[in-house]
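For reference, the chains in residue letters:
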Amino acid sequence: MSFICAANWKMNLSFQQAQDFLEELQRKVKDLDISTPEKSLRSALCIFPQAVHAPLFQNIQNINWGAQDFYFESSGAFTGQNSPDLFKELGANVMLIGHSERRTLFHESESSILKKIKKCFELSMIPMVCVGETLEQRKMDLTLHVIKEQLESVMIALEESSKASTDVIIAYEPVWAIGTGLVAEATDVQKVHDSIKSLMGSKTKVLYGGSVKPENATELASIPSVNGFLIGGASLKVDSFLGIFKNSK
Ligand code: PGA
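Residues numbered from 1 in each chain as written. Predicted model: local features only at pLDDT ≥ 70, side-chain atom pairs only at ≥ 80, totals over all residues. Heavy atoms only, no water.

Re the sheet that holds strand S8 (residues 228–231)
Strands belonging to one sheet form pairs held by backbone hydrogen bonds; the direction of such a pair is parallel or antiparallel.
Moving on, step 1. What the eight strands build is an open sheet, ordered S3-S2-S1-S8-S7-S6-S5-S4; its pairing is parallel. Across the chains shown, the open sheet's two edge strands, defined by having one partner strand only, are strand S3 (64–65) and strand S4 (94–97).
Moving on, step 2. In the sheet, strand S6 (residues 169–172) pairs with strand S7 (residues 205–209) via four bridges, with the strands oriented parallel. Opposite isoleucine 170, over in S7, you have valine 206 as the bridge partner.
Moving on, step 3. Its contacts with the sheet place helix H9 (residues 238–247) against strand S1 (4–8), strand S2 (45–48) and S8, and it is angled at close to 155 degrees to S1. (Pairing = 2+ DSSP bridges. Helix = DSSP H or I, 4+ residues; strand = E, 2+ residues; numbered from the N terminus. Contact = heavy atoms within 4.5 Å. Axes fitted to C-alpha atoms, helices over the stretch in contact; angles between N-to-C directions.)

A closer look at the pattern of salt bridges
Moving on, step 1. In the structure shown here, the tally under the stated rule is 12 salt bridges.
Moving on, step 2. A salt bridge links lysine 118 to glutamate 160; the nearest nitrogen and oxygen atoms lie 2.6 Å apart. Of the two residues, lysine 118 sits in helix H4 (residues 110–122) while glutamate 160 sits in helix H6 (residues 143–160), which places them 42 residues apart along the sequence.
Moving on, step 3. A salt bridge links aspartate 188 to arginine 138, with the nearest nitrogen and oxygen atoms 2.6 Å apart. (Salt bridge = Lys/Arg side-chain N within 4 Å of Asp/Glu carboxyl O.)

Topic: empty space enclosed by the protein
Moving on, step 1. For the structure shown, the criterion picks out one cavity of 30 Å³ or more.
Moving on, step 2. One number sums up the size of the largest cavity: a volume of about 40 Å³.
Moving on, step 3. Lining the largest cavity we find Gly98, Ser100, Arg103, Cys130, Val131, Gly132, Gln150, Glu173 and Val175.
Moving on, step 4. Class assignment of the residues belonging to the lining of the largest cavity gives a composition of three nonpolar, four polar and two charged. (1 Å grid on protein atoms, 1.4 Å probe; cavity = no way out; pocket = protein on both sides within 12 Å on 5 of 7 lines; lining within 4 Å. Points joined across faces, edges and corners; volume = space filled by probe spheres on them. Nonpolar A, V, L, I, M, F, W, Y, C, P; charged D, E, K, R; others polar.)

Some points on the layout of surface pockets
Moving on, step 1. Volume-wise, the largest pocket comes out at about 490 Å³.
Moving on, step 2. In terms of lining residues, the largest pocket is bounded by 21 residues, among which Met11, Gln68, Asp69, Arg102 and Phe106 are the most central.
Moving on, step 3. In terms of residues, the lining of the largest pocket owes the most to one element, helix H3 (residues 100–105), which gives three residues.
Moving on, step 4. Looking at the lining of the largest pocket residue by residue, the classes come out as 10 nonpolar, seven polar and four charged.
Moving on, step 5. By volume, the second largest pocket is sized at about 290 Å³.
Moving on, step 6. Residue lining of the second largest pocket: 17 residues in total, with Ser40, Ile126, Thr166, Asp167 and Val168 positioned closest to the centre.
Moving on, step 7. Classifying every residue of the lining of the second largest pocket by side-chain character gives eight nonpolar, four polar and five charged.

Focus on the side chain of lysine 205
Moving on, step 1. By secondary structure assignment, the location of lysine 205 is in strand S7.
Moving on, step 2. Note on lysine 205: relative accessible area 4%, which makes it buried.
Moving on, step 3. A polar contact of 3.1 Å, which involves the side chain of lysine 205, links it to the side chain of glutamate 38. (Buried < 20%, exposed > 50% of the residue type's maximum accessible area, 1.4 Å probe, protein only. Polar contact = N/O pair within 3.5 Å; in protein donor to acceptor, adjacent residues only side chain to side chain.)

As for the pairing of S8
Moving on, step 1. In S8, alternate side chains face the same way, and those of Gly228 and Leu230 on one face and Phe229 and Ile231 on the other are all buried.
Moving on, step 2. Two elements, S1 and S8, share four bridges in a ladder whose sense is parallel. Paired with cysteine 5 across the strands is phenylalanine 229, a residue of S8.
Moving on, step 3. Bridging between S7 and S8 involves two bridges; their strand directions are parallel. For tyrosine 208, the partnering residue across the bridge sits in S8 and is phenylalanine 229.
Moving on, step 4. In this fold, the crossover linking S7 to S8 by way of helix H8 (residues 214–221) has right-handed handedness. (Right-handed = clockwise from strand over helix to strand, strands pointing away.)

A few points about the site of the ligand
Moving on, step 1. Looking at the ligand, there are 13 residues lining it, with Lys10, His99, Glu173, Gly179 and Ser211 nearest.
Moving on, step 2. At 2.7 Å, a side-chain N or O of glutamate 173 approaches an oxygen atom of the ligand.
Moving on, step 3. Here an oxygen atom of the ligand and a backbone polar atom of glycine 179 are 2.6 Å apart.
Moving on, step 4. The protein chains hide 96% of the 280 Å² of surface that the ligand would expose on its own. (Near = heavy atom within 4 Å. Areas by Shrake-Rupley, 256 points an atom, 1.4 Å probe, with all protein chains shown as cover.)

Okay, here's the thing in structure tokens:
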């Protein structure tokens with residue numbers, strides 16, 4: 001299993017900055033081995049840009065990319081929504097679903113997450129589904145319970161779409177570690193990742209997210225059940241994004 005580094009740009013980078021990022025990235029990955037043996041992936045790198053950035057990715061063949069969020073219908077009277085089919089048309093292959101900012105700030109429900117996962121399968125794209133507990137839930141020792149509940153939509157979608165657990169990627173992001181500089185203890189990350197794998201299957205890719213940066217990447221990447229990272233703040237500069245990738249090897 002190759003180690004995946006996924007960039008979640010969130011609502012950052014101007015159009016020009018995104019274009020510059022991609023040019024610099026293409027130049028710098030020439031000196032790196034970003035290949036992956038997995039047929040469903042283009043390489044070990046993945047980017048989730050803003051929807052308006054999508055045309056910049058149209059001719060990018062060596063990097064996985066897709067939406068940070070999208071609607072579960074292909075088209076229709078849904079003002080303000082982004083069609084997953086348009087991402088597909090531009091070449092997207094991995095779609096982010098259920099990020100904690102979507103769940104908390106925009107009230108994303110489990111039923112909509114379920115529909116989005118199924119839509120991804122329908123379009124032959126890979127869903128990357130985020131799960132994670134809040135600080136309050138953690139303090140109440142509810143972490144594994146919450147994760148199990150969030151994974152239910154994933155299991156239902158897999159079953160209803162006749163897909164295998166290797167067709168989905170899970171990103172474990174403790175909500176309290178996102179953008180805060182706080183990182184979960186290695187033993188806690190391992191415990192949660194192990195429990196996700198015991199529910200989903202040992203071959204399911206499980207990424208860790210929450211304040212990952214070049215400085216802590218080596219330690220986190222050495223946890224056996226961590227198969228990659230979902231990176232927010234530290235993914236906005238090519239050197240720090242690739243620094244994380246290099247330090248994870
Ligand atoms: P962060 O964000 O790396 O800035 O903590 C991670 C994420 O939200 O995916």
